[in-house]
Amino acid sequence: MRDDTESDVLGKVYDARLVRRLVRYLRPYVGLVVFSAFALLSFVALDLVRPDIIRRAVDGPIARALADPSSREAALGDLLRLALEFLGVVVLVLLLRGTHMWVVEYLGQRVMVDLRREIFARIQRLSLRYFDRHPVGTLVTRVISDVEALYQVLSTGFVAILADLVKVLAIVGILLYLNAGLALWLFVTFPLLFLCSFRFRRRARQAYRDVRREIARTNAYLQEAITGVRVTQAFGQEEKAKRGFFERSEDLFGAHVRTVFEFASFFPQVEFVFAIAQGLLIWVGAEYIVGGTLTPGQFIEFWFFINLVSEPIRDLTEQYNVMQAAMAGSERIFKVLDTEELVPNPPAPHRLGDGPLRGDIRFENVWFAYEDERWVLKDLSFHVAPGESVALVGATGAGKTSITSLLSRLYDVNRGRILIDGRDLREYD
């Protein structure tokens, strides 16, 4: 059984060369990309409006009603208007969010179909030498799992990262505008957040590497075990095959559990850091309110923005792993697509249908090896005249199938040449 080693390799988090190639698959759907980006940025902007509506309600009608009970009726009218405004913003956000999700899911699925078609078409044209070195299960992983990783970043990754960055920067700017002193107190917790994120990225990177490796190993083993089940049963090796698969299944289970553990430990850490920020807001914000430099409505607005900023920060950390997976997957996919191990066609090929085929076969000093210089055929020469019947006799591994494969041009000779009706086989289409 051959194991995949390429899955051990993780690419950069951002590789401009790979991103440019990936963007090519989005070009046929540029209208959908622009629309999804507009919808995403729109509902992100509207999300930032809700805390301001609440601040206006607290510092406006509610504060007036508390200060002057006779203005309560007018305050209730203003509150109703603000409540309807809040409800309208929420409904619009939900509509834009739902539309965005539908568009990006559709876009991602279309890109996956296009990419899988291209990979499959390339695999169909690769020479058999390529398959001698690469397990079929590994190629299945490329077409299924690695494309799935690309789907995540092509459908949501790029735009979501941009939207999250915009959201974080906008909230930071709004907090500084509302009250720079209180905002700086809250920013004290950011180093703790970055420390948690850095630790999570480092550990999640290794966990992800383990998952990718174990998926490829399991797929490769499963494919070869099922393909060779006739041989397994003939030699009574069912138990050994089961043990091999069970071991790989357990390794895959362990890799996934480690990944889940990293996520399960990271998010409570983030929540704890934001709990510290909320505690600082209560402690310092109360002093600012008593000192008259912060209104109750601004305090509540701060509270909402602290909760809002936690979501994009968590998302950015998750997008790190999405980008990591996508860059690694795209590097492996493009390695398959860039493989030039094709049976080359001459510039002006001779077609078999262009004239009658007599069947004159001549091997002239043919050398052939499947790998490096481990020769299967050494300086082989023979001639088969048209209409002549020739038997190839020899022990297993003597080269009988190799001669047939060369004659069918499933492989090309390393040295020498094969002539069909006096024409080099490599000149045929």
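Residues numbered from 1 in each chain as written. Predicted model: local features only at pLDDT ≥ 70, side-chain atom pairs only at ≥ 80, totals over all residues. Heavy atoms only, no water.

Topic: the overall build of the protein chain
We count it as follows: For the purposes of this entry, the term helix denotes a DSSP run of H or I that reaches at least four residues, the term strand denotes a run of E that reaches at least two, and both are numbered from the N terminus. Only C-alpha atoms enter the radius of gyration; for comparison, a globular chain is expected to reach 2.2 Å times N to the power 0.38, where N is the number of residues. Three exposure classes are used, based on accessible area relative to the maximum for each residue type with a 1.4 Å probe and protein chains only: buried under 20%, partly exposed in between, and exposed over 50%. Only heavy atoms enter the contact rule, under which two residues are in contact if any of them lie within 4.5 Å. Computed with a 1.4 Å probe, the accessible areas rest on the Shrake-Rupley method; for each residue, only the protein chains presented here act as cover. Here the positive residues are Lys and Arg and the negative ones are Asp and Glu; neither His nor the chain ends is included. The atom standing in for a charge is NZ when the residue is Lys, CZ when it is Arg, CG when it is Asp and CD when it is Glu.
For the protein chain, the count of helices and strands is 12 helices and four strands. Against the compact-globule benchmark of 22 Å for 429 residues, the protein chain has a radius of gyration of 33 Å, which places it well outside the compact range. C-alpha atoms of the protein chain, sized along the principal axes, occupy 115 × 50 × 35 Å. Burial analysis of the protein chain (429 residues in total) assigns 41% to the buried set. Contacts in the protein chain between residues far apart in sequence, at least 24 positions, make up 80% of those at least 6 positions apart. Only carbon and sulfur atoms are counted for the fraction: they give 63% of the accessible area of the protein chain, which is about 23300 Å². Side chains of the protein chain give 52 positive and 51 negative charges; the mean places of these two sets differ by 2 Å.

Thoughts on the packing of aromatic side chains
Our working definition: Classification of ring pairs rests on two measures: the distance between centres of Phe, Tyr or Trp rings, Trp counted by its six-membered ring, which must be within 6.5 Å, and the angle between planes, read as stacked under 30 degrees, edge-to-face over 60 and tilted in between. Criterion for a charge above a ring: Lys NZ or Arg CZ within 6 Å of the ring centre, and within 35 degrees of the ring normal.
Within the structure shown, the criterion is met by eight aromatic pairs. Plain terms: the ring middles of Trp102 and Tyr106 are 5.6 Å apart, the flat faces sit at 5 degrees to each other, and that makes the pair stacked. Here Trp102 and its partner Tyr106 are both found in helix α4 (residues 72–125), four residues apart, which amounts to about one turn of the helix. Classification of Trp102 as exposed rests on a relative accessible area of 57%. Judged by centre distance (5.4 Å) and plane angle (65 degrees), the rings of Phe368 and Tyr411 are edge-to-face. Separated by 43 residues along the polypeptide, Phe368 in strand β1 (residues 361–369) and Tyr411 in the loop between α12 (400–407) and β3 (415–420) bring together distant segments of the chain. Feature note: the residues Phe368, Tyr370 and Tyr411 constitute an aromatic cluster, connected by ring pairs. A cation over an aromatic ring shows up here: Arg24 above the ring of Tyr25, its NZ or CZ 4.5 Å from the ring centre. Just above the ring of Trp367 sits the side chain of Arg415; from NZ or CZ to the centre is 4.9 Å.

Some thoughts on the pattern of salt bridges
If the charged atoms of two oppositely charged side chains come close together, the side chains can form a pair. Rules: When a carboxyl oxygen of Asp or Glu is within 4 Å of a side-chain nitrogen of Lys or Arg, the pair counts as a salt bridge.
Counted according to the given criterion, the structure contains 25 salt bridges. Residue Arg374 pairs with Glu371 through a salt bridge whose shortest N-O separation is 3.5 Å. Accessibility expressed as a relative area gives 59% for Arg374, which makes it exposed. In this structure, Arg409 engages Asp412 in a salt bridge whose closest nitrogen and oxygen atoms are separated by 2.8 Å.

Some thoughts on the pairing of strand β2 (residues 375–384)
Test applied: Being paired, for any two strands, means DSSP has found at least two bridges between them.
Pairing analysis gives six bridges linking β1 to β2, with the strands arranged antiparallel. Bridge pairing in β2 links Ala369 to Trp375.

A few points about the packing of helix α2 (residues 30–47) against α4
Heads up, the rule is: Interaxial angle, 0 to 180 degrees, is taken between N-to-C directions of lines fitted to C-alpha atoms, where a helix line uses only the stretch in contact. An angle below 35 degrees is treated as roughly parallel, one above 145 as roughly antiparallel, one from 65 to 115 as roughly perpendicular, and anything else as oblique. Handedness of a crossing is defined here by the sense of rotation of the near helix relative to the far one, left-handed for an anticlockwise turn of less than a right angle and right-handed for a clockwise turn. Three classes are used: nonpolar for Ala, Val, Leu, Ile, Met, Phe, Trp, Tyr, Cys and Pro, charged for Asp, Glu, Lys and Arg, and polar for all others, with Gly counted as polar.
It is the contact of α2 with α4, at a shortest axis distance of 9 Å, that shows an interaxial angle of 150 degrees. When the axis of α2 is compared with that of α4, the two are roughly antiparallel. Relative to α4, the crossing made by α2 is left-handed. Residue-level contacts link Leu32, Val33, Phe35, Ser36, Ala39, Leu40, Ser42, Phe43, Leu46 and Asp47 of α2 to Val89, Leu92, Val93, Leu96, Arg97, Thr99, His100, Val103, Val104, Tyr106 and Leu107 of α4. Here the residues of the contact of α2 with α4 are counted per class, giving 15 nonpolar, four polar and two charged.

Overview of the side chain of Lys167
Along the chain, the position of Lys167 falls in helix α6 (residues 136–178). Among residues more than four places away in sequence, those in contact with Lys167 are Val44, Asp47, Leu48, Leu308, Glu311 and Pro312.

Observations regarding the nonpolar core
Operational definition: What makes a nonpolar core is a set of buried Ala, Val, Leu, Ile, Met, Phe, Trp, Tyr and Cys residues whose side-chain atoms join them at distances within 4.5 Å.
Grouped together as the largest cluster of nonpolar side chains are 29 residues, with contacts concentrated most on Ile171, Leu175, Phe274, Phe302 and Phe305. Residue assignment for this core shows that the elements contributing at least two residues are α6, α7 (180–187), α8 (190–227), α10 (238–291) and α11 (296–337). Setting aside residues up to four positions removed in sequence, Phe274 forms contacts with Leu193, Ile306, Val309, Ser310 and Ile313. If you look at the next biggest cluster of nonpolar residues, it comprises 27 residues, including Leu18, Met112, Ile119 and Val336.

Some points on helix α1 (residues 16–23)
Going by this rule: Taken from the helix axis, the directions to the C-beta atoms give the arc we talk about.
Those residues of α1 not exposed but buried are Leu18, Val19 and Leu22. The buried residues of α1 occupy an angular sector of 100 degrees when projected down its axis, which confines them to one face.

Some thoughts on the sheet that holds β2
For sheets, the rule is that strands pair by backbone hydrogen bonds, running either parallel or antiparallel. In spatial order, the strands read β2-β1-β3-β4; together these four strands make up an open sheet with antiparallel pairing. Both outer strands of the open sheet, β2 and β4 (423–424), are each paired with one neighbouring strand and no more. Relative to the sheet, α12 contacts β1, β2 and β3, its axis offset from that of β1 by approximately 115 degrees.

Description of the packing of helix α3 (residues 50–67) against α4
Between α3 and α4, the least distance of the axes is 9 Å, while the angle of their chain directions is 170 degrees. When the axes of α3 and α4 are compared, the pair comes out roughly antiparallel. The residues of α4 that touch α3, namely those facing Arg50, Ile53, Ile54, Arg56, Ala57, Pro61, Ile62, Arg64 and Ala65, are Arg72, Ala75, Asp78, Leu79, Leu82, Glu85, Phe86, Val89 and Val90. In the contact of α3 with α4, the residues fall into 12 nonpolar, no polar and six charged.

Describing the confidence of the model for the protein chain
Short version of the rule: For every residue, the predictor reports its confidence as pLDDT, a number between 0 and 100.
Looking at the protein chain, pLDDT values average 83 and 93% of them are 70 or higher. Across the protein chain, element-level confidence peaks in β1 with a mean pLDDT of 94 and bottoms out in α1 with 76.

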